[in-house]
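Listed below, chain by chain, are the residues.
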Amino acid sequence: MLIKIPAPSACKENQVTDEKIYHQRRAIIKSLGFMGAASLLHTSKASAFNLFGDDEKTVFATSALDYSPAKHYVTDDIYTPEDKVINYNNFYEFGTGKSDPVANAQGFKVDPWHLTIDGMVEKPITLGYDDLFKKLALEERIYRLRCVEAWSMVIPWIGFSLADLIKQAQPLSGAKYVAFETLYDPKQMPGQRSRFSGGGIDYPYVEGLRIDEAMHPLAFMAVGLYGKTLPPQNGAPIRLVVPWKYGFKSIKSITRIKLTDKKPPTTWNLLGANEYGFYANVNPEVDHPRWTQASERRITTGGLFNQSRIPTQMFNGYDEVAPLYKNLDLRRNY
Ligand SMILES: Nc1nc2c(c(=O)[nH]1)N[C@H]1C(S)=C(S)[C@@H](COP(=O)(O)O)O[C@H]1N2
Ligand SMILES: [Mo]
């Protein structure tokens with residue numbers, strides 16, 4: 001079956017409705033079993049190359065039978081314009097202000113890159129930069145991202161499921177957790193040079209998931225957004241996206257994924273255990289000690305003051321993860 005995929009650049013921030021319809025269509029096209037991503041890769045190593053090609057591109061989907069009604073890979077929500085997604089960031093390695101990452105990360109070197117998956121696995125592996133785009137079929141997913149600070153965005157990511165990546169290393173049955181680590185490179189990351197410039201974090205930034213959370217199909221490894229490779233400020237060349245958890249779990253610029261039988265330390269929990277838990281599931285009923293989590297500021301179009309305040313949903317609306325926590329008191333395990 002032949003499918004036409006329009007270039008993402010076709011959408012403009014002031015065409016919200018068009019943008020929405022346009023992308024919705026694209027996401028559905030993607031869920032039709034699009035397997036051609038590797039063949040769309042540019043050989044160029046220029047900074048942000050277009051993962052869907054420069055123009056309308058004809059690609060092959062395997063067959064309509066591949067369609068799975070994965071309702072949570074798409075959304076009716078209005079997309080956050082690309083310009084907001086790539087200019088309003090949290091990436092403390094590049095500074096603690098929202099506009100610091102875009103200002104300080106532009107020279108960040110992502111190629112060569114090494115991502116190692118090791119620990120309790122049958123077959124430890126290390127992926128180089130090109131492998132990140134070629135080893136697994138790329139797909140697009142539209143996810144809500146809810147920061148613990150109570151703002152949120154809707155972002156079209158490109159990547160593959162974390163489960164598919166982990167399976168490449170063949171986890172041992174005793175592995176109970178997955179630990180993640182961001183690059184440690186103070187020469188490139190000014191926030192890592194001192195405690196004061198990096199928000200008090202003891203770098204490298206580390207995160208973790210229980211193995212069943214990590215293997216959940218919604219847990220995603222992103223290598224791109226809005227049809228292009230990730231900008232450095234969004235965690236190039238590869239970052240985690242866990243849409244039902246607060247944004248700080250979605251660790252950026254990952255160099256190591258380690259399977260372990262011990263609960264791994266996590267950066268924000270180390271920084272303030274009474275404010276940031278290991279689970280960090282989005283939960284409107286459990287407030288942050290210093291602010292409510294019952295609602296959030298959705299960043300769409302418009303200035304800072306006309307963005308809508310909307311109710312926060314349990315698990316950020318991804319209720320299919322609820323069974324993962326059926327035996328857990330989510331008030332105590334925030
Ligand atoms: N290594 C690293 N990963 C990180 C962070 C960080 O400071 N360092 N910030 C987190 C937080 S708090 C959020 S909300 C998201 C923001 O992702 P975005 O900038 O792509 O929207 O990245 C997360 N991942
Ligand atoms: Mo965040």
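The name an unreviewed UniProt entry assigns to the protein is Protein-methionine-sulfoxide reductase catalytic subunit MsrP, from the organism Paraglaciecola hydrolytica. You can read under Subunit (unreviewed entry) in the UniProt record for the protein the words "Heterodimer of a catalytic subunit (MsrP) and a heme-binding subunit (MsrQ)." Regarding the protein, the relevant UniProt record gives this comment under Sequence similarities (unreviewed entry): "Belongs to the MsrP family."

Right, let's get into the side chain of Lys245. You can see Lys245 is positioned in the loop between β11 (239–241) and β12 (254–260). A polar side-chain atom of Lys245 sits 3.4 Å from a polar atom in the side chain of Tyr325. Those residues within four positions of Lys245 in sequence are excluded, and the remaining contacts are Arg146, Leu209, Glu213, Tyr279, Ala280, Asn281, Val282 and Tyr325.

Let us now look at the nonpolar core. Formed by 83 residues in total, the largest nonpolar core has its most connected members in Leu162, Trp244 and Ile257. The contacts of Trp244, once residues within four sequence positions are left out, are Glu213, His216, Leu218, Ala219, Asn281, Val282, Phe315, Asn316, Tyr318, Val321, Leu324 and Tyr325.

Attention now moves to the pattern of salt bridges. For the structure shown, the criterion picks out 15 salt bridges. The closest approach of N and O atoms between Glu207 and Lys249, which form a salt bridge, is 2.7 Å. Of the two residues, Glu207 is situated in strand β8 (residues 206–210) and Lys249 in the loop between β11 and β12; the sequence distance between them amounts to 42 residues. Among the residues examined, Glu207 registers a relative accessible area of 1% and is labelled buried. The class of Lys249 is buried, set by a relative accessible area of 1%. Connected via shared salt-bridge partners are Asp77, Arg144, Arg146, Glu296 and Arg298.

Turning our eyes to something else, we now look at the sheet that holds strand β4 (residues 125–128). On the basis of which strands lie adjacent, the open sheet formed by five strands has the order β4-β3-β12-β7-β8 and mixed pairing. The open sheet is flanked by β4 and β8, the only strands paired with a single partner. Strand-to-strand twist in this sheet, taken as the mean axis angle between neighbours without regard to direction, amounts to 15°.

The local shell around ligand 1 holds 17 residues, among which Asn89, Tyr92, Glu93, Ser250 and Lys252 are the closest. Asn89 is positioned with one of its side-chain polar atoms (N or O) 2.9 Å from an oxygen atom of ligand 1. Note that a nitrogen atom of ligand 1 is positioned 2.9 Å from one of the backbone N or O atoms of Ser250. Coverage of ligand 1 by the protein amounts to 98% of the 540 Å² it exposes when considered alone.

Reading guide: rules and limits
Residues numbered from 1 in each chain as written. Chains lettered and ligands numbered in written order. Predicted model: local features only at pLDDT ≥ 70, side-chain atom pairs only at ≥ 80, totals over all residues. Heavy atoms only, no water. UniProt positions renumbered as here; feature names shortened; annotations may be inferred. Helix = DSSP H or I, 4+ residues; strand = E, 2+ residues; numbered from the N terminus. Polar contact = N/O pair within 3.5 Å; in protein donor to acceptor, adjacent residues only side chain to side chain. Contact = heavy atoms within 4.5 Å. Core = buried A, V, L, I, M, F, W, Y, C linked by side-chain atoms within 4.5 Å. Buried < 20%, exposed > 50% of the residue type's maximum accessible area, 1.4 Å probe, protein only. Salt bridge = Lys/Arg side-chain N within 4 Å of Asp/Glu carboxyl O. Pairing = 2+ DSSP bridges. Axes fitted to C-alpha atoms, helices over the stretch in contact; angles between N-to-C directions. Near = heavy atom within 4 Å. Areas by Shrake-Rupley, 256 points an atom, 1.4 Å probe, with all protein chains shown as cover.

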